[in-house]
Amino acid sequence: ALAPARGASRLGRPRRAPLRYAGGMRIGIFGAGSIGCYLGGRLIAAGHDVVMVGRAAEVATQGLTLTDYAGRSWRIEPAALRYGADASLLTDREAVLVTVKSPDTAAAGAALSAVLAPGAVVASFQKLPRIDSKPAISVVEPTKHRSRGA
């Protein structure tokens, strides 16, 4: 096999520097375990304003060390993290990534619908197996955020 040229990816395209965002987006992670911490850490490294909600209190005191398949690594120091256990930390987020286990999705939707601002984008990052012959995810649309037609 041929090796890629210096400075090129395996597909022969030039490698790009990681994107950095001035000011960044206000993003929340709900269910910040291993997947949520990885996504949140990478978003912080890219310059976004990230708040993570989860149960692993040691993340707030020890920070994060992230690695990827290519051997790259990132260190997010505790001072750069905002991490807690209460969904209300996400009230000002423009987008929230939900990374809970599938059986906890409905409870996550209920917790988020009570605190998120109208217009906040919610995306779920999880495998969606079927549980008891029912889909493991449902859409939660809080009535308090609906507007009547103009």
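Scroll up for the structure.
Sequence order as written defines the numbering, with residues in each chain counted from 1. Per-residue local features are limited, in this predicted model, to residues with pLDDT of at least 70; the limit for side-chain atom pairs, both in listing and counting, is 80 or more; totals at the level of whole chains, interfaces and linings are taken over all residues. Only hydrogens and water are set aside when side-chain values are computed; all heavy atoms of the structure are taken into account.

A. Molecular detail of the environment of Phe30. Only DSSP runs of H or I with at least four residues qualify as helices, and only runs of E with at least two residues qualify as strands; both kinds are numbered from the N terminus onward. Take Phe30: it is sitting in strand 1 (residues 26-30). Overall, the relative accessible area of 13% leaves Phe30 in the buried class. For the pair Phe30 and Ser124, spaced 94 residues apart in sequence, the C-alpha to C-alpha distance is 9.5 Å. Residue contacts are defined here by distance: any two heavy atoms, one from each residue, within 4.5 Å place the two residues in contact. Once residues within four sequence positions are removed from consideration, Phe30 is found in contact with Val53, Ala87, Leu90, Val96, Leu97, Val98, Thr99, Val100, Ala108, Ala111 and Leu112. In this scheme, a residue with accessible area under 20% of its type's maximum is buried, one over 50% is exposed, and one in between is partly exposed, where area comes from a 1.4 Å probe on protein chains only.

B. Summary view of the packing of aromatic side chains. Centre distance within 6.5 Å is the pairing criterion for rings of Phe, Tyr and Trp, where only the six-membered ring of Trp is used; planes under 30 degrees apart are then read as stacked, over 60 as edge-to-face, and the remainder as tilted. Across all of its chains, the model carries 0 aromatic pairs by this definition. Only Lys NZ and Arg CZ are tested; either one counts as a charge over a ring when it is within 6 Å of the ring centre and within 35 degrees of the ring normal. Taking the ring centre of Trp74 as reference, the NZ or CZ of Arg42 above it sits at 3.9 Å.

C. Geometry of the nonpolar core. Counting 16 residues, the largest nonpolar core has Cys37, Met52, Leu64, Ile76 and Leu81 as its most contacted members. Listing elements by their share of this core, those giving two or more residues are strand 1, helix 1 (34-45), strand 2 (49-53), strand 3 (64-67) and strand 4 (73-76). With 3 residues, the single largest contributor to this core is helix 1. Apart from the residues within four sequence positions on either side, Cys37 is in contact with Ala32, Met52, Val59, Leu64, Leu66 and Tyr83. Side-chain atoms within 4.5 Å link the members of a nonpolar core, which is a set of buried Ala, Val, Leu, Ile, Met, Phe, Trp, Tyr and Cys residues. In this structure, Ala108, Leu112, Val115 and Leu116 belong to the second largest nonpolar core, which totals 12 residues.

D. Molecular detail of the environment of Met25. Note on placement: Met25 falls in the segment before strand 1. On the accessibility criterion, Met25 (34% relative accessible area) is partly exposed. With 70 residues separating them along the chain, Met25 and Ala95 place their C-alpha atoms 8.0 Å apart.

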